[in-house]
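Chain by chain, the residues run as shown.
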Number of protein chains: 2
Amino acid sequence: MGTHNGSGGGNQILSVVGTGPGDLDYLIPAARKELEMADVVVGYRTYLELIHEIIDGKETVSSAMMQEVDRVGQALDLAEQGRHVVLVSGGDPGIYAMAGLVYEVAGLRASKVEIRVVAGIAALNSCAERLGAPLMHDFATISLSDLLTPWEVIEKRIQAATEADFVLVIYNPRSKKRDWQLTRAIEIMRSVRAPTTPVGMVRGATRENEQVSISTLETFKPSDADMQTTVIIGNSATFINDGKMITPRGYSDKYQLS
Amino acid sequence: MGTHNGSGGGNQILSVVGTGPGDLDYLIPAARKELEMADVVVGYRTYLELIHEIIDGKETVSSAMMQEVDRVGQALDLAEQGRHVVLVSGGDPGIYAMAGLVYEVAGLRASKVEIRVVAGIAALNSCAERLGAPLMHDFATISLSDLLTPWEVIEKRIQAATEADFVLVIYNPRSKKRDWQLTRAIEIMRSVRAPTTPVGMVRGATRENEQVSISTLETFKPSDADMQTTVIIGNSATFINDGKMITPRGYSDKYQLS
């Protein structure tokens, strides 16, 4: 730990950055700079692998999935020892990711560490890009994970967003243990929207294993989704053209296309 | 126009990129590369100014606000003449921006131009970063512009999203001509949510004139917002701590913080 060792000395910075979807061409320079300045980089193994060429030679603390609270505590410990720690999440750390937990834990500890959150390209940004232009109009973003949220709350949101004709962006649609939630969500949407409503699905956007598919509420198969998948369901005006999913800007004909 | 001149020859590429919030540290490398390869760069004057150091010396076609359809047509014309055209929007071209219109117009023309959309840091990403961590849970993104969408549709969405306890992200909250919509939206939210619900407002994120303020549904003044502002209203669990607006990950106490 060199000259930065010891409580209270040195940097005392905890930066929270996102990798974006995976391809380094989607990592913003602000996040890259934090990584380059880091003394220690903390994160899931998968995310650290995505950025290995930037952090090569640096001290890293990697972990398996599902230990967020421990990881944040460990990152704060290291920063409190006077080091510049960078905590890495996927996508944008500000969207369903680590930023909130870092502020929460730092607040409870009354930590003096400087917290820096840096935005990133979230799954909703990269998946929209891959599908065409589904997010040209109002949309609701919903996670189907009922680990920390009661399913009744989630189902109420799906119902409300569907009835109010939002485009829907579904995070965490399906895992091995949570295998019925997406089917139920689609069932709710089918009861309100036309069977021809476009449904886009993206897995591993920008990565080698990227898969993009566009179907409809009628033909969509929930079993095709997993934890690496984001699903976008169109509103009543969304259409498919030339393999792209497009939501027009408005409902009126005030603008004339030619 | 050199060797690229003439219909059918040359590049025939139309790339659609976003500047992100403004600071070039938030422009993803994929977008920068498109700009560097461009023969012609098309966009609002304001956006072209943000990226002037990248496009210096290149041919540009700039325009004032509110001529989107003409601008897209012009960009396609230039690409059809065999040039690599880059159309620039603010934020992420895939969120309330130019991507959809480009696909729509290209489709209607049955254009042979290669369309490339590149994601960017949208206002929702950068404003969330500036405010703390308001988007850790489900959120609904709503534009208050009733230019192309009937107000009844917008109001129904505000009502539905508020009742279903989504965090709300408000785009286009207020302009000189649209001066009552945000007041009405806040009125709806006040009738459902606690007066202490946090409200974050960001204008010009990452730019010299950046303004960030956090208030509550009770104290928020709609007249402080304008077209450059994004407003984020918390859900029932969002709180303010140490000047940051934080939405916790869930409603249960399944994770123990320490």
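A quick note: this is a predicted structure, and the numbers were derived from the prediction, not measured. (Residues numbered from 1 in each chain as written. Chains lettered and ligands numbered in written order. Predicted model: local features only at pLDDT ≥ 70, side-chain atom pairs only at ≥ 80, totals over all residues.)

Asks: Whenever I open this one, the interface of chain B and chain A confuses me. Can you help?
Replies: For interface size, the figure often reported is the accessible area lost on association. Listed as interface residues are 65 residues of chain B and, on the opposing side, 64 residues of chain A. If you list the elements that add at least two residues to the side of chain B that touches chain A, you get α1 (29-37), α4 (68-80), α5 (99-109), α6 (123-131), β6 (132-133), β7 (139-143), α7 (151-163) and β13 (244-246) of chain B. Sort the elements by how many residues they give to the side of chain B that touches chain A and α5(B) lands first, with 8 residues. One ladder, built from 3 bridges, connects strand β7 (residues 139-143) of chain A with β7(B); its direction is antiparallel. (Contact = placed C-beta atoms within 7 Å. Helix = DSSP H or I, 4+ residues; strand = E, 2+ residues; numbered from the N terminus. Pairing = 2+ DSSP bridges.)

Asks: Which parts of the structure should I look at to understand the sheet that holds β7(A)?
Replies: Within a sheet, each strand pairs with its neighbour through backbone hydrogen bonds, oriented either parallel or antiparallel. Pairing in this open sheet of 10 strands is mixed, and the strands run β10(A)-β9(A)-β11(A)-β8(A)-β7(A)-β7(B)-β8(B)-β11(B)-β9(B)-β10(B) from one edge to the other. For this open sheet the edge positions go to β10 (211-216) of chain A together with β10 (211-216) of chain B, each flanked by a neighbour on one side alone. Shown here is a sheet whose adjacent strand axes are inclined to one another by a mean of 15 degrees, direction ignored. As paired strands, β7(A) and strand β8 (residues 167-171) of chain A are joined by 5 bridges and run parallel to one another. Bridged to A:Phe139 within β8(A) is A:Val167. Packed on one face of the sheet, α7(B) meets β7 of chain A together with β7 and β8 (167-171) of chain B and runs near 160 degrees to β7(B). (Axes fitted to C-alpha atoms, helices over the stretch in contact; angles between N-to-C directions.)

Asks: What is the right way to look at the packing of α7(B) against helix α8 (residues 181-190) of chain B in this model?
Replies: Packed helices, taken two at a time, are described by the angle between their axes plus the distance between the axes. Residues and elements named next belong to chain B. The contact between α7 and α8 brings their axes to 9 Å, and the two run at 30 degrees. With respect to α8, the axis of α7 lies roughly parallel. As for the relative orientation of α7 and α8, their crossing is right-handed in sense. For the pair α7 and α8, the contacting residues are Ile158, Gln159 and Thr162 in the first and Ala185, Ile188 and Met189 in the second. Per-class residue counts for the contact of α7 with α8 are 4 nonpolar, 2 polar and no charged. (Parallel < 35°, antiparallel > 145°, perpendicular 65-115°, else oblique. Left-handed = near helix turned anticlockwise from the far one by under 90°. Nonpolar A, V, L, I, M, F, W, Y, C, P; charged D, E, K, R; others polar.)

Asks: How should I be thinking about the packing of helix α4 (residues 68-80) of chain A against helix α5 (residues 99-109) of chain A in this particular structure?
Replies: Residue and element names in this part refer to chain A. Put simply, α4 and α5 touch, their axes get as near as 10 Å, and they point 60 degrees apart. The pairing of α4 with α5 is recorded here as oblique in orientation. As for how α4 packs across α5, the hand of that crossing is right-handed. Contacts between α4 and α5 involve Glu68, Val69, Val72, Gly73 and Leu76 from the first element and Leu101, Val102, Val105, Ala106 and Arg109 from the second. Looking at side-chain class alone, the contact of α4 with α5 contains 7 nonpolar, 1 polar and 2 charged residues.

Asks: Would you mind going over the relation of the copies chain B and chain A with me for this structure?
Replies: One copy of the chain maps onto the other through a rotation about an axis plus a displacement along that axis. Under the fitted operation, chain B is carried onto chain A by 0.0 Å of movement along the axis and a turn of 180 degrees, and the coordinates agree to an RMSD of 0.0 Å. Such a turn and shift between the copies fits a two-fold axis. Closest approach to the rotation axis within chain B is made by the C-alpha atom of B:Ala140, at a distance of 2.1 Å. By residue overlap, the copies meet face to face through one surface: 98% of the interface positions of chain B are interface positions in chain A. (Least-squares fit on C-alpha atoms with pLDDT ≥ 70 in both.)

Asks: Sorry, what's going on with the domain arrangement of chain A here?
Replies: Residue and element names in this part refer to chain A. One can read the domain layout of chain A as domain 1 (2-121) and domain 2 (124-246). On a C-alpha basis, the centroid separation for the pair domain 1 and domain 2 is 30 Å. Each partner contributes residues to the interface: domain 1 has 7 residues there, and domain 2 has 7 residues. Its residues assigned to classes, the side of domain 1 that touches domain 2 shows 4 nonpolar, 2 polar and 1 charged. (Domains from an automatic or database assignment.)

Asks: Explanation requested: the pairing of β8(A) in the structure shown.
Replies: Side-chain positions along a regular strand alternate between the two faces of the sheet. Residues and elements named next belong to chain A. Taking burial as the measure, the 5 residues of β8 include 5 buried ones, the bulk of the element. In terms of handedness, the path from β7 via helix α7 (residues 151-163) over to β8 forms a crossover that is right-handed. In this structure, β8 lies alongside strand β11 (residues 229-233), joined through 3 bridges in antiparallel fashion. What sits directly across from Leu168, in β11, is Ile233. (Buried ≥ 20, exposed ≤ 12 C-beta atoms within 10 Å, placed from the backbone. Right-handed = clockwise from strand over helix to strand, strands pointing away.)

Asks: How do you make sense of α8(B) when you look at a structure like this?
Replies: Residue pairs spaced three or four apart in an α-helix point in one direction, given the helix's 3.6 residues per turn. All names here are of chain B. Gln181, Leu182, Ala185, Ile186 and Met189 are the residues of α8 that are buried. Summarising the axial view, the buried residues of α8 lie within an arc of 135 degrees, below the 170-degree limit, and thus occupy one face. If you follow the buried residues of α8, they end up packed against α7, β8 and β11 (229-233). (Arc of directions from axis to C-beta.)

Asks: What exactly am I supposed to notice about unusual backbone geometry here?
Replies: You will see that A:Asp165, though not glycine, has its phi angle at about 60 degrees, which is positive. With respect to the helices and strands, A:Asp165 occurs in the loop between α7 and β8. Classification of A:Asp165 as partly exposed rests on a count of 19 C-beta atoms within 10 Å. A positive phi angle, close to 45 degrees, is found at B:Asn172, a residue other than glycine. Within the secondary structure, B:Asn172 sits in the loop between β8 and α8. C-beta crowding within 10 Å serves as the criterion here: with 22 such atoms nearby, B:Asn172 is assigned to the buried category.

Asks: Is there a simple way to explain the sheet that holds strand β12 (residues 239-241) of chain A in this structure?
Replies: Residue and element names in this part refer to chain A. Spatially, the 3 strands line up as an open sheet ordered β6-β13-β12, and their pairing is mixed. The sheet is open, and its two edges are formed by β6 (132-133) and β12, each paired on a single side. As defined by bridge partners, β12 adjoins strand β13 (residues 244-246) across 3 bridges and the pair is classed as antiparallel. By the bridge assignment, Phe239 is partnered in β13 with Ile246.

Asks: What am I meant to see in the confidence of the model for chain A here?
Replies: Residues and elements named next belong to chain A. When the pLDDT values of chain A are averaged, the result is 93; 93% of them are 70 or greater. A low-confidence stretch, residues 1-8 (pLDDT under 50), is modelled with 14 contacts involving residues beyond four sequence positions or located in other chains. Of the two predicted TM-score estimates for the complex, the pTM is 0.95 and the ipTM is 0.95. (pLDDT = per-residue confidence, 0-100.)

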